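Here is what each chain is made of, one letter per residue.
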Amino acid sequence: MTEAIDVDLCVIGAGAGGLSVAAGASQMGATVALFERGVMGGDCLNVGCVPSKALLAAGHAAHHARTGHRFGLDMSVAPADWHRVREHVRSVIAAIAPMDSVERYEGFGVRVIQADARFVGAREVEGGGVRVKAKFVVIATGSAPSVPPIPGLADVPYLTNESVFELDSRPEHLLVLGGGAIGTELAQAHARLGCKVTLVEAARLLGAEDPEAAEVVRLSLQRDGVTIREGISVKAVARGDADAVALTLDGPDGAETVGGSHLLVAAGRKVTFEGLDLDRAGIETDKRGRLVVDARLRTSNRRVFAVGDAAGGPQFTHVAGAHAGVVIKNTLFRLPAKADHSGVPRVTYSAPELAQVGPTEAELRESGTRFEVLRWAYAENDRAQAERALDGFTKALLAPNGRILGATVVGEAAGELISVWGLAIAQRLKIGALAGLTVPYPTRTEVIRRAAGSWYVPKLFSDRTKAVVRFLMRFA
Ligand SMILES: Cc1cc2nc3c(=O)[nH]c(=O)nc-3n(C[C@H](O)[C@H](O)[C@H](O)COP(=O)(O)OP(=O)(O)OC[C@H]3O[C@@H](n4cnc5c(N)ncnc54)[C@H](O)[C@@H]3O)c2cc1C
């Protein structure tokens, strides 16, 4: 028998986006039903951001021990005990999981239904024996790994982000297909934990990023022992003779074969709505199967919204969280809030990290925008010297009037530093605001202040200034 309930908001999917909508709306007094067919917390907690950063942290720890001689220390590092590394990753997830748990959400008064949901009407969703009639429905169903149609791939065992964190022994030779953020992070984590790693990328490593910044990351991965094959596509995949899997690459000198013990497919994400029965709610998708959403995140059914990866924009947890705010304003408060992706920062958590906010230099050039570039190197920062983490720089892109348009940071803690540029861009600040900032010494934030200050250097140390100072000193 089906139970019928009426709520203000019905949310499908308990990942970053759905949970943020459910937590916010319920604590503001709305009645909320939340469907989740898998594990609470979605991709970010279980198979995405959290395990990847935990695995990277283990890799960085091994790297620091191995390179302790830089600090006058000699440490020996035993080969990674993969079982214990996996336990470390699991325990990080377990430490965060209570924040996303059924119990916590039921504590907010949310009706959590652990089942696959589908539309049965314009505002009706059903699953797990419960039919929910809602004033508004929010699709927060996320994305899944995209598996390219390479001949033979379907016939070999391969890993994705959904299975790679579950390995119980160290992969001897990991082949990574894809050099975006996910492929880059996982290639470095495995290399630093003692695996042989070969990364194959059809275009360029971190191809969406500033090429100079990506180069800093590329050199670091190579120092870690990652073999990077860029501009090469994989023609076929097969079981190898001695190896578990063999890739046939379309190399510059013709076809060549690279064998490995494991294959990780990190070739992008796909968004699908299979089984949701969108047509029952009159929800349109475009030719590529993506939801048609407006700036207010409304689908073609004005009572149904989409958030997070499902909405088709940038695929980040912080974007999903921001989307939740937009939907809450639109549904609970009837405010015409819009999603704005222009100032969304992104970070690749390699060592060094690569962070971007606003357009890159290449994007500004392409759009014909007039701009100026300011930069400062980590090597000129005392904290970076003290910690022997000299690789990296920041680059700021300014309009002719000094307004900050975009910024890149590559280097240690770039993911933290980028927020300073992000705030400046969001507040439409001019570079003087950062040049005049007093920042604690010695911190890497000085890299930003010094880059900002360099805007004034030609004026400040000009012959004209010198003449003015000499003149004034006569009367001092
Ligand atoms: C390896 C990896 C690393 C990443 N690292 C970062 C990072 O460092 N920083 C960052 O910002 N982002 C990162 N991301 C991206 C981030 O994980 C996603 O952008 C984020 O999880 C999107 O949240 P979401 O709520 O849209 O979807 P999800 O987290 O995917 O949640 C969707 C949920 O919906 C459920 N669901 C789907 N269909 C149904 C249905 N019909 N009925 C019921 N439930 C359903 C699913 O089971 C899932 O739990 C990473 C992703 C990966 C794969």
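Above this text you will find the structure in question.
Throughout what follows, the structure given in this document is the object of discussion. (Residues numbered from 1 in each chain as written. Predicted model: local features only at pLDDT ≥ 70, side-chain atom pairs only at ≥ 80, totals over all residues. Heavy atoms only, no water.)

### Description of the pairing of strand β6 (residues 130–139)
Argument step 1. For β6, a buried count of 7 out of 10 residues is recorded, marking the element as mostly surrounded by other parts of the structure.
Argument step 2. Where strand β5 (residues 124–127) meets β6, 4 bridges bridge the pair, whose relative direction is antiparallel. Its bridge partner lying in β6, Glu-124 is registered against Lys-133.
Argument step 3. The hairpin turn running from β5 into β6, its antiparallel successor, is 2 residues long, and Gly-128 in that turn takes a positive phi close to 60°.
Argument step 4. Relative to strand β16 (residues 304–306), β6 runs parallel, the two sharing 3 bridges. Each bridged residue has a counterpart across the sheet, and for Val-138 the counterpart in β16 is Phe-305. (Buried < 20%, exposed > 50% of the residue type's maximum accessible area, 1.4 Å probe, protein only. Helix = DSSP H or I, 4+ residues; strand = E, 2+ residues; numbered from the N terminus. Pairing = 2+ DSSP bridges.)

### Some details on the pattern of salt bridges
Argument step 1. For the coordinates displayed, the defined rule picks out 27 salt bridges.
Argument step 2. The closest approach of N and O atoms between Lys-135 and Asp-8, which form a salt bridge, is 2.8 Å. In this pair, Lys-135 is assigned in strand β6 and Asp-8 in strand β1 (residues 3–12), connecting sequence segments 127 residues apart.
Argument step 3. Note on Lys-135: relative accessible area 42%, which makes it partly exposed.
Argument step 4. A salt bridge links Arg-192 to Asp-224; the nearest nitrogen and oxygen atoms lie 2.9 Å apart. In this pair, Arg-192 sits in helix α6 (residues 181–192) while Asp-224 sits in the loop between α7 (211–223) and β10 (227–230), placing the two residues 32 residues apart along the sequence.
Argument step 5. Because the salt bridges share partners, they merge into one network encompassing Asp-210, Glu-212, Glu-361, Arg-365, Arg-375 and Lys-395. (Salt bridge = Lys/Arg side-chain N within 4 Å of Asp/Glu carboxyl O.)

### Describing the side chain of Thr-408
Argument step 1. Locating Thr-408 in the fold gives a position in strand β21 (residues 404–411).
Argument step 2. Here the side chain of Thr-408 touches Gln-356 through a polar contact of 2.7 Å, side chain to side chain.
Argument step 3. Setting aside anything within four residues of it in sequence, one finds Thr-408 in contact with Asp-210, Ala-213, Ala-355, Gln-356, Phe-393, Thr-394 and Lys-395. (Polar contact = N/O pair within 3.5 Å; in protein donor to acceptor, adjacent residues only side chain to side chain. Contact = heavy atoms within 4.5 Å.)

### Side note on the site of the ligand
Argument step 1. Every one of the 37 residues lining the ligand counts as a neighbour, but Gly-17, Glu-36, Lys-53, Asp-309 and Thr-317 are closest to it.
Argument step 2. Between the ligand and the protein, one listed contact pairs an oxygen atom with a backbone N or O atom of Cys-44 at 3.4 Å.
Argument step 3. Coverage of the ligand by the protein chains reaches 92% of its 1000 Å² of free accessible surface.
Argument step 4. No other element matches the 4 residues that helix α2 (residues 42–47) contributes to the shell around the ligand. (Near = heavy atom within 4 Å. Areas by Shrake-Rupley, 256 points an atom, 1.4 Å probe, with all protein chains shown as cover.)

### Describing the packing of helix α1 (residues 16–27) against helix α8 (residues 317–332)
Argument step 1. Running from amino to carboxyl end, α1 crosses α8 at an angle of 40°, the nearest separation of the two axes being 8 Å. Classified by the interaxial angle, the pair formed by α1 and α8 is oblique. Viewed along their axes, α1 and α8 form a crossing whose handedness is right-handed. For the pair α1 and α8, the contacting residues are Ala-16, Gly-17, Ser-20, Val-21, Gly-24 and Ala-25 in the first and Thr-317, Ala-320, Gly-321, Ala-324, Ile-328 and Leu-332 in the second.
Argument step 2. Its residues placed into classes, the contact of α1 with α8 shows 7 nonpolar, 5 polar and no charged. (Axes fitted to C-alpha atoms, helices over the stretch in contact; angles between N-to-C directions. Parallel < 35°, antiparallel > 145°, perpendicular 65-115°, else oblique. Left-handed = near helix turned anticlockwise from the far one by under 90°. Nonpolar A, V, L, I, M, F, W, Y, C, P; charged D, E, K, R; others polar.)

### Focus: empty space enclosed by the protein
Argument step 1. A complete count under the given rule lists 1 cavity of 30 Å³ or more for this structure.
Argument step 2. Computed from the structure, the largest cavity encloses a volume of approximately 60 Å³.
Argument step 3. With 4 residues, helix α4 (residues 82–96) is the largest single contributor of residues to the lining of the largest cavity.
Argument step 4. Tallied by class, the residues present in the lining of the largest cavity amount to 7 nonpolar, 1 polar and 1 charged. (1 Å grid on protein atoms, 1.4 Å probe; cavity = no way out; pocket = protein on both sides within 12 Å on 5 of 7 lines; lining within 4 Å. Points joined across faces, edges and corners; volume = space filled by probe spheres on them.)

### A word on the layout of surface pockets
Rolling a probe over the atoms, with the probe sized like a water molecule, indicates the empty space that remains.
Argument step 1. Empty space within the second largest pocket amounts to approximately 610 Å³.
Argument step 2. Forming the walls of the second largest pocket are 25 residues, and the residues nearest its centre are His-63, His-64, Arg-192, Ala-351 and Glu-412.
Argument step 3. Put simply, the parts of the chain that give the lining of the second largest pocket at least two residues each are α3 (49–66) and α7.
Argument step 4. Broken down by element, the residue count for the lining of the second largest pocket peaks at 4 residues, all from α3.
Argument step 5. By residue class, the composition of the lining of the second largest pocket is 7 nonpolar, 7 polar and 11 charged.

### Quick word on unusual backbone geometry
Argument step 1. Omega for the bond connecting Ala-351 with Pro-352 falls within 30 degrees of zero, at 0°, which places this linkage in the cis form.
Argument step 2. Here Pro-352 is to be found in the loop between β17 (346–348) and β18 (353–357).
Argument step 3. Non-glycine residue Arg-334 carries a positive phi angle of around 55°.
Argument step 4. Secondary-structure assignment places Arg-334 in the loop between α8 and β17.
Argument step 5. Classification of Arg-334 by relative accessible area gives exposed; the value is 55%.
Argument step 6. One non-glycine residue, Arg-428, lies in the positive phi region at around 55°.
Argument step 7. Checked against the element boundaries, Arg-428 lands in the loop between α11 (414–426) and α12 (431–435).

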